[in-house]
Structures are given as structure tokens and as C-alpha cells.
Amino acid sequence: RSMASSSQAPLRVLTGITPSGTPHLGNYVGSIRHSVRQSVAPGVQSFFFLADYHALIKVQEPALIQRSTLEIAASWLACGLDPEKVTFYRQSDIVEIPELTWFLTCVTGKGVLNRAHAYKAQLDKNVAKGEDPDADVTAGLFMYPVLMGADILMFNAHKVPVGRDQVQHIEMARDMAQRFNHLYGEHFTLPEAEIDDAVALLPGLDGRKMSKSYGNTIPLFAPRAQLHKQISSIVTDSRAPGEPKDTEGSALFQIYQAFASAEETESLRKAYADGIGWGDAKQMLFERIDLEVAPLRERYEALMNDPAQIERTLLAGAEKAQALSKPFMASLRHAVGLRNLAAGKDKGQAKAAKVAKPSFKQYREKADGLFYFKLLDARGETLLQSRGFASPQEAGRTIAILQAQRGEALAALAGQLDPIGTEKIRAVEEALEALTETTPGTTSGS
Ligand code: TRP
């Protein structure tokens, strides 16, 4: 699938952020900065959400959940995430997520969840301590991968950028999708993890990887004075000013490199060789980080002073997300058999369908400017939905192929069409046959 091709539907990329702490420089360098840039790449449709249901698994302090959700939302917005260009929402605003979680729960083997790393790590810890294996293990921790699967499958994400520790969860989501599709028809896109190795791993104050669990982090939006103080506390060796310093293994150098241009990095390398004092090196690092962070910090502080604005932004994002999740969930409910009991028994309607004819309808979507078509059955129900095309001609050509080759064209055109549920394939084939028995009719609309 090529990201550049404009005749294809966009590549959907979905990123979840658990609001269970304050973002630090490692989060910024390792994820935020890169993701914000990627989010507006051509041919990409981005989803960003605050995984607050996930946060409940770890954090059981309500005030901390609220605070952290606010801080993380403000951080991403301050770093340039544009809610007009991406879908930025809060997981708990999408009530369909827990419902889908249940559907997926019912197609996920318990044995599969037994093998999930996060759960197993807790178990191993307990066993090592000689405790009951399930001590302090909630069912929430056990179900974590299923909730994550629902996040991903709800929006039919193609790519999910994650750290290596999360790859297993994406594979599980893929298995859930496959199992569900096998049972109920092709509803879900199979997601793929995207690990970006180009993304720097930032060392923390003590030289180990910067991580909340090591307590060696530098908050992304610490006030200037605090940032200065923290940078002064980065561990160095005891070499005096004038003595040459090693860049190898120097946390200070590595952090500098994550912010500086290639030339700036080279000149610090030279300064190390020339025996720069640690105090001066730390001052250089502070100034370089502050140069990049200061304008973001200013936006962050403004955002934090106006939580109502952030709340509105998230609710607007939820509305965009729900425009997808609500109809999708309705079709999933139908697929599994949670249906209107009165529907599907009306013989009169079925008869009418034989007389009336199916039709193609071509239209342009205002939201993305692309050209689409649908195949409608005689009652006007959608049987087939195309992906977006760059021009009406391309859409028309695809219709022509369907009219000429009918059912046989479906496999070859899979890339241009939304997945067709197996329960619908027959109806699509029959409609295409019925169309060729008369003059093919195409109507236009918007
Ligand atoms: N589990 C992820 C983390 O801790 C956060 C997350 C929740 C997520 N749901 C997701 C990430 C869906 C990607 C897709 O980092």
C-alpha cells in the first residue's frame, strides 16, 4: 500500500497514550515530536487518543487521572498536534469501545491472554516473591490487550506506532480481528505494529533509559529554572575542566544530540575533545533544549490555564470519532446477531426487491474531496461501498469493471472497495447479475 497514491483511501494510523503521569523529555524525543510530524503526512489519516480507560488499570486516584489526562492533552496540543487535521479524542468518550471490548472478549482465548507480557511479568514477580501468583492482579490488567484491541479495531487502523513492549498487543489485536472476521464476515482491517527504530532512546539523569519507573526523568514542561536545575544534576564523570571527555556513554552528550543539528553535535564533540568543563557543557545543553521547548512551554501553560478549551477540543474530537464508531458498532451488533427482532421477516419487501433494480450511485464526499460510489440494492440499501478515488473517471472505470466482470472482479478490486461481509457477497453478486440484465443505471448525487 503506497502512501503517496492519491487514488487510494488514506492509510489510517492510530496512536494511544495512557494518561498515567507527566510527560518527560524522553516521551517528547521518543514519541511526541515524531508522531506530531507524521500525523500530517500526505495520504495519512491519524487518530490520537487518551487511553483513560487503560489508565484506570494502573492509577486508582481519581484526581491523578483527571490531572494527567489534562496534562497529556495539553502537551500534545502544545507540541503541535492539530485537532483540525487529526482525530484527537478521549477513549472514555467513545462508549462503543467497551461494547466492542466485550465482543472481542468473546472471541479471545483465555490462554492467549495468559501469555500477555504485562500480566505475565506481574505473575512472575509474585512467584519470585513467593506470593500467590495472582496477588495484586486485577481482571483489568488481564483484559488490557482486549481493550487495546477494541481501540485499534474500532477505527480499522492499518498502522499502530508503538514501542517494542507493545508489539505483542498489536499481534493479539490482529488475531482478534481474524477470528471475528472468520466468524462474522470481513469487518475488521488487520492492524500492523510500526516500530520506528530511528526514534532516539533518551538516557535519563542517571544514564539509564529515561523512564518513570527509574525516577530519572526530566519533565517536558518544567519551568525554566527547574529545567536548569535538573540538567545540572545529570550524572557525569569526575574529569576536571581542561581534561578531554568521552562522548561515548555520556548521557549529557546523547541528550544534546537528540535536540541538536548534526553541526551542533559535531561542535560539542569537539568541545568534549578540547576539555570543556562539565558546568559549561550542561549550560550548553540547557540552552539547546530550552530553545526548542520554550515556545512549546508557553503554549502548554496557556492551555493548562484554560482546561475548558481542552475539554471542548476533546469533545469535538469525540464527535468526529463517533461518526465512525456509532455506525460501525451498529453493523457489528447486527453481524453478531444482536438485532431488531422484527426485522428480516417481511416477505412483502423481499418480493418488491425482485421487481425493482439495483443501481450504482456516484458521489463526491465533501469531507475529503474524493469520489466514491455505492452499489445499492433495489430497496436502496448499500451492498457495496467504494474507497475514495482522486477523480470521477477512476470511480467510473471501476464501476465499468464491475459491470463487465461482475462477481469475478471483486477479488481484484478489493483494494478499491470497503471489505464486503461474507454474508453480503451473494447479494452483491446477484445485484451485479441483475444489473447486466438491463441497461446499467448509474445515478449521481452528492
Ligand atoms: N498500551 C499503550 C501504552 O501503554 C497505550 C494504548 C492503549 C494504545 N490503547 C492503545 C496504543 C491502542 C496503541 C493503540 O503505551
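This one's a predicted model, so the numbers in the text were calculated from it and none came from an experiment.

Caption draft 1: Representation of the packing of aromatic side chains in the model. Tallying each qualifying case throughout the model produces 15 aromatic pairs. Seen in terms of ring centroids, Y119 and F142 are 4.8 Å apart; in terms of plane orientation they differ by 75°. Their pairing is edge-to-face. Placement of Y119 in helix α6 (residues 117-128) and of F142 in helix α7 (residues 139-154) is noted, with a sequence separation of 23 residues between them. Of the two residues, Y119 and F142, both sit in the buried class.

Caption draft 2: View of the site of the ligand. The ligand sits among L14, G16, T18, F49, A51, H54, Y144, M148, D151, I152, V160 and Q166. Within the side chain of D151, one N or O atom sits 2.7 Å away from a nitrogen atom of the ligand. Compared with its free state, where it exposes 360 Å², the ligand has 87% of that area covered by protein. When residues of the shell around the ligand are traced back to their parent elements, those giving at least two are β1 (11-17) and α7. No other element matches the 4 residues that α7 contributes to the shell around the ligand.

Caption draft 3: Focus on the pairing of β1. Summarising burial for β1: 6 of the 7 residues are buried, a large majority. As paired elements, β1 and strand β2 (residues 44-50) share 7 bridges and run parallel to each other. Note that in β2 the partner of G16 across the bridge is F49. Assessed by its sense of winding, the connection that carries the chain from β1 through helix α1 (residues 25-38) to β2 is right-handed.

Caption draft 4: Examining the side chain of T87 more closely. With respect to the secondary-structure elements, T87 resides in strand β3 (residues 87-90). The contact partners of T87, leaving out residues within four places of it in the chain, are S46, F47, F48, G317, K320 and A321.

Caption draft 5: Focus on the pattern of salt bridges. Under the counting rule described, the total for this entry stands at 20 salt bridges. When the shortest N-O distance is used, the salt bridge between E292 and R33 registers 3.2 Å. Linking E292 in helix α12 (residues 278-304) with R33 in helix α1, this pair joins segments that are 259 residues apart in sequence. Of the charged contacts in the structure, one is a salt bridge between E311 and R90, with a shortest N-O distance of 2.8 Å. Residue E311 is found in helix α13 (residues 307-336), and its partner R90 is found in strand β3; the two are separated by 221 residues along the sequence. Linked through salt bridges whose partners overlap, the residues forming this network are R90, D93 and E311.

Caption draft 6: Spatial organisation of the nonpolar core. Ranked by internal contacts, the top residues of the largest apolar core, which has 52 residues, are W76, F88, F259 and I289. Of all the elements in the fold, those that place two or more residues in this core are α1, β2, α3 (62-78), α9 (224-232), α10 (251-259), α11 (262-273), α12 and α13. Residue contributions to this core peak at 10 residues, all from α12.

Caption draft 7: Just the environment of V137, in detail. Position of V137 relative to the elements: it lies in the loop between α6 and α7. Counting along the chain gives 17 residues from V137 to K120, while the straight-line C-alpha distance between them is 9.9 Å. In this structure V137 touches Y119, Q122, L123 and N126, once residues within four positions along its chain are discounted.

Caption draft 8: View of α7. In a regular helix each residue adds 1.5 Å, so 16 residues correspond to 22 Å; α7 covers 22 Å between its end C-alpha atoms and thus fits that length. Approximately 40° is the largest bend angle found in α7, and it occurs at P145. Judged by how many residues are buried, α7 sits mostly within the fold: 13 of 16 residues are covered.

Rules and cut-offs
Residues numbered from 1 in each chain as written. Predicted model: local features only at pLDDT ≥ 70, side-chain atom pairs only at ≥ 80, totals over all residues. Heavy atoms only, no water. Phe/Tyr/Trp six-rings, centres within 6.5 Å; stacked < 30°, edge-to-face > 60°. Helix = DSSP H or I, 4+ residues; strand = E, 2+ residues; numbered from the N terminus. Buried < 20%, exposed > 50% of the residue type's maximum accessible area, 1.4 Å probe, protein only. Near = heavy atom within 4 Å. Polar contact = N/O pair within 3.5 Å; in protein donor to acceptor, adjacent residues only side chain to side chain. Areas by Shrake-Rupley, 256 points an atom, 1.4 Å probe, with all protein chains shown as cover. Pairing = 2+ DSSP bridges. Right-handed = clockwise from strand over helix to strand, strands pointing away. Contact = heavy atoms within 4.5 Å. Salt bridge = Lys/Arg side-chain N within 4 Å of Asp/Glu carboxyl O. Core = buried A, V, L, I, M, F, W, Y, C linked by side-chain atoms within 4.5 Å. Expected span 1.5 Å × (residues − 1). Bend = angle between axes of the 7 residues up to and from the residue.

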